[in-house]
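# Remarks on the overall topology
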Amino acid sequence: QTGMFTYDPGFMSTAACQSAITYIDGDKGELLYRGYPIEQLAQKCNYMDTCYLLLNGELPNAAQKADFEDRVTKHTMVNEQMQFFLRGFRRDAHPMAVLTGLVGGLSAFYHDSTDINNPEHREISAIRLIAKMPTLVAMAYKYGKGEPYMYPQNNLSYAGNFLRMMFGTPCEDYKVNPVIEKAMDRIFILHADHEQNASTSTVRLCGSSGTNPFAAIAAGVACLWGPAHGGANEAALNMLYDIQKQGGVEKIGEFIKQVKDKNSGVKLMGFGHRVYKNYDPRAKLMQETCNEVLAAMGLEKDPLFALAKALEKIALEDEYFVSRKLYPNVDFYSGIVQRAIGIPVNLFTGIFALARTVGWIAQLNEMIADPEYKIGRPRQLYVGSPRRDVP
Ligand code: SDX
């Protein structure tokens with residue numbers, strides 16, 4: 001205790017702000033977006049409904065949804081100059097390095113016409129970012145493959161347009177698979193917002209200086225990249241590949257032993273959470289989506305999915321994990337679904353950033369709209385040398 005606040009090595013684990021957007025009950029494993037349970041949104045709504053809800057506080061009626069979708073669709077293209085930005089990267093650059101640069105680069109086109117304190121500027125910036133993230137993520141993917149970029153196609157759904165920009169080529173028509181389209185849309189919904197996680201807190205702190213929203217979102221992309229956060233889906237799939245290489249299900253026991261050995265530094269990626277001390281509700285929905293996609297792709301016997309389920313079963317019964325309340329989180333199954341869709345492992349976090357952009361913006365806009373807000377200025381507990389004189 002320093003009198004001012006409780007010192008917490010987890011930095012922002014104390015109440016960092018007040019928000020009306022997302023509610024998590026970590027003990028119950030409950031997640032609400034503007035009061036609606038994530039399970040109901042995933043079953044009855046799509047990502048565009050969810051974006052409108054997070055930004056405006058209410059689900060859209062038919063007219064509001066049509067207008068919102070139309071505005072997003074009309075902003076999916078990026079300035080042609082962005083192609084030259086990409087050319088500065090090596091072809092094998094990690095997509096998150098590319099995306100961090102591209103999103104920051106967007107601010108070069110809009111910062112001088114965007115006053116974050118103007119509600120209309122905040123609204124159009126939200127539309128632009130939600131609209132352009134799929135285009136930028138697909139461009140980063142195509143650039144890495146050396147394939148031509150695919151321009152957005154306005155008659156497709158948000159998820160369908162993204163899939164076509166990713167996997168289509170100018171040489172032939174791309175047919176959107178409705179099962180994959182629905183799975184992609186659900187992945188976007190499940191990752192849309194999650195209260196004051198590390199990257200959202202980064203966006204809030206960065207945006208509190210009055211910088212433009214594009215620069216603040218670029219900071220969120222950079223933070224999400226970390227393996228303890230959004231990078232966990234990439235790490236979780238690589239963990240499954242490693243166990244498979246070591247012998248698969250028969251070798252899970254040895255892997256679990258490594259995890260229990262504190263000196264090994266090995267973690268069960270896709271398990272545990274700073275807030276959930278129960279099952280992450282998104283993980284259950286992601287496992288369902290996994291089943292649906294693998295069945296549609298004829299991959300029900302996918303050994304990696306079988307390995308993940310075996311690992312989950314063992315962890316949920318093992319005292320080490322039970323006593324520490326370590327349950328699967330959103331990242332445990334999302335990698336398997338994305339792999340089945342054909343998304344490369346190093347792009348999983350880019351998809352997470354695409355989906356989370358609406359949450360970041362909704363949280364940033366909520367803070368800026370509060371007339372009381374000031375630039376963030378976390379304090380510290382000084383443990384260095386007392387005042388002394390230079391000899
Ligand atoms: C996301 O904040 C959000 O909302 C994030 C997110 C979002 O939507 O924005 O939900 C997305 O980031 C999900 C988390 C993805 N990360 C991972 O899956 C990486 C693996 N998980 C761990 O790195 C870890 O669980 C954290 C970082 C997520 C949480 O770490 P904590 O706060 O240390 O967890 P804890 O306090 O509950 O740990 C209790 C114990 C500790 O051991 P002891 O000191 O008691 O001996 O469990 C251990 C931890 O070391 N532990 C793990 C573990 N996670 C915690 N041991 C093995 N494997 C793990 N995954």
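Treat the numbers as computed from the prediction; the structure is a model and nothing was measured. (Residues numbered from 1 in each chain as written. Predicted model: local features only at pLDDT ≥ 70, side-chain atom pairs only at ≥ 80, totals over all residues. Heavy atoms only, no water.)

### Observations concerning unusual backbone geometry
Its identity as a non-glycine residue notwithstanding, Arg34 has a phi of 50°, on the positive side. When its relative accessible area of 22% is taken as the criterion, Arg34 is described as partly exposed. Of note in the backbone geometry, Glu195 takes a positive phi value of approximately 60° without being a glycine. If you trace the backbone, Glu195 turns up in the loop between helix H8 (178-190) and helix H9 (198-207). Glu195 sits in the partly exposed class, given a relative accessible area of 25%. (Buried < 20%, exposed > 50% of the residue type's maximum accessible area, 1.4 Å probe, protein only. Helix = DSSP H or I, 4+ residues; strand = E, 2+ residues; numbered from the N terminus.)

### As for the pattern of salt bridges
All chains considered together, the criterion is met by 16 salt bridges. Across the pair Asp49 and Lys65 runs a salt bridge whose closest N-O atoms are separated by 3.1 Å. Note that Asp49 is positioned in helix H2 (residues 47-56) and Lys65 in helix H3 (residues 62-73), a separation of 16 residues in sequence. Note on Lys65: relative accessible area 22%, which makes it partly exposed. Among the salt bridges present, the one from Asp242 reaches Lys245, with a minimum N-O distance of 3.6 Å. (Salt bridge = Lys/Arg side-chain N within 4 Å of Asp/Glu carboxyl O.)

### Notes on the packing of helix H6 (residues 119-145) against helix H7 (residues 158-167)
The N-to-C vectors of H6 and H7 enclose an angle of 20°; their axes lie 8 Å apart at closest approach. Between H6 and H7, the interaxial angle falls into the category roughly parallel. The element H6 and its partner H7 pack so that their crossing is right-handed. Taken together, the residues of H7 that come into contact with H6 (itself represented by Ile130, Pro134, Thr135, Val137, Ala138, Tyr141 and Lys142) are Tyr158, Phe162, Met165, Met166 and Phe167. Taken together, the residues of the contact of H6 with H7 sort by class into 10 nonpolar, 1 polar and 1 charged. (Axes fitted to C-alpha atoms, helices over the stretch in contact; angles between N-to-C directions. Parallel < 35°, antiparallel > 145°, perpendicular 65-115°, else oblique. Left-handed = near helix turned anticlockwise from the far one by under 90°. Contact = heavy atoms within 4.5 Å. Nonpolar A, V, L, I, M, F, W, Y, C, P; charged D, E, K, R; others polar.)

### Focus on the nonpolar core
With 117 residues, the main nonpolar core has Met184, Phe188, Leu311 and Ile341 as its most contacted residues. When residues in this core are grouped by element, the largest group, 14 residues, is from H6. In this view, Met184 contacts Ala159, Phe162, Leu163, Ile341, Ile343 and Ile351; residues no more than four positions away in its chain are not counted. (Core = buried A, V, L, I, M, F, W, Y, C linked by side-chain atoms within 4.5 Å.)

### Topic: the sheet that holds strand S1 (residues 22-25)
If you walk across this open sheet you meet the 3 strands as S1-S2-S3, and the pairing is antiparallel. The outermost strands of the open sheet, each flanked by one partner alone, are S1 and strand S3 (36-37). Bridge analysis of S1 against strand S2 (residues 30-33) gives 4 bridges, and the strand direction is antiparallel. Looking across to S2, one finds that Thr22 is bridged to Tyr33. (Pairing = 2+ DSSP bridges.)

### Observations concerning the packing of H9 against helix H10 (residues 213-224)
Contact geometry of H9 with H10 gives a least axis separation of 8 Å together with a crossing angle of 150°. Taken together, H9 and H10 sit at an angle that is classed as roughly antiparallel. Between H9 and H10 lies a crossing of right-handed hand. Along the contact surface, H9 presents Ala198, Ser199, Thr202, Val203, Cys206 and Gly207, while H10 presents Ala215, Ala216, Ile217, Ala219, Gly220, Cys223 and Leu224. Split into classes, the residues belonging to the contact of H9 with H10 amount to 9 nonpolar, 4 polar and no charged.

### Some details on the site of the ligand
Residues in contact with the ligand amount to 24 residues; listed here are only the nearest, His194, His273, Arg274, Lys277 and Arg282. Side-chain polar atom of Lys267 to an oxygen atom of the ligand: 3.4 Å apart, as the coordinates give it. A distance of 2.7 Å separates an oxygen atom of the ligand from a polar side-chain atom of Arg356. Residues of the shell around the ligand, tallied by class, amount to 9 nonpolar, 7 polar and 8 charged. (Near = heavy atom within 4 Å. Polar contact = N/O pair within 3.5 Å; in protein donor to acceptor, adjacent residues only side chain to side chain.)

### Overview of helix H13 (residues 281-296)
For an α-helix, the turn length of 3.6 residues means that residues three or four places apart are oriented alike. In this model, H13 (16 residues) spans 23 Å end to end at C-alpha, consistent with the 22 Å of a helix rising 1.5 Å per residue. Of the positions making up H13, those classed as buried are Pro281, Arg282, Ala283, Leu285, Met286, Thr289, Cys290, Val293 and Leu294. Those residues of H13 that are buried lie in contact with S2, helix H1 (38-44), H8, helix H14 (303-317), helix H16 (330-341) and helix H17 (348-369). Gly298 sits one or two positions beyond H13 and adopts a positive phi of about 70°. (Expected span 1.5 Å × (residues − 1).)

### A look at the confidence of the model for the chain
For the chain, per-residue confidence averages 93 on the pLDDT scale, and 96% of positions sit at 70 or higher. In this model, residues 1-5 is a region of pLDDT below 50 whose contacts with residues beyond four sequence positions or in other chains number 5 contacts. If you check the scores for this complex, the pTM reads 0.93 and the ipTM reads 0.93. (pLDDT = per-residue confidence, 0-100.)

### Overview of the side chain of Asn161
Within the secondary structure, Asn161 sits in helix H7. For Asn161, a relative accessible area of 7% gives the class buried. Excluding anything up to four places from it in sequence, Asn161 contacts Thr76, Pro152, Gln153 and Leu156.

### Notes on H10
Between its first and last C-alpha, H10 extends 16 Å over 12 residues, near the 16 Å set by a 1.5 Å rise per residue. Among all positions of H10, only Pro213, Phe214, Ala216, Ile217, Ala218, Gly220, Val221 and Leu224 are buried. The inward-facing, buried residues of H10 contact helix H5 (95-110), H6, H9 and H17. Between a side-chain oxygen at the N-terminus of H10 and the backbone nitrogen of Phe214 the separation is 3.0 Å; the capping residue is Asn212.

### Re the packing of aromatic side chains
Applying the stated criterion to the full structure yields 13 aromatic pairs. Ring centres of Tyr47 and Tyr158 lie 5.3 Å apart, and the angle between their planes is 40°; this geometry places the pair in the tilted category. Placement of Tyr47 in helix H2 and of Tyr158 in helix H7 is noted, with a sequence separation of 111 residues between them. Note on Tyr47: relative accessible area 0%, which makes it buried. With relative accessibility at 12%, the residue Tyr158 sits in the buried group. Both rings, one in Tyr110 and one in Phe214, keep their centres 5.0 Å apart while their planes meet at 25°; by these two values the pair is stacked. (Phe/Tyr/Trp six-rings, centres within 6.5 Å; stacked < 30°, edge-to-face > 60°.)

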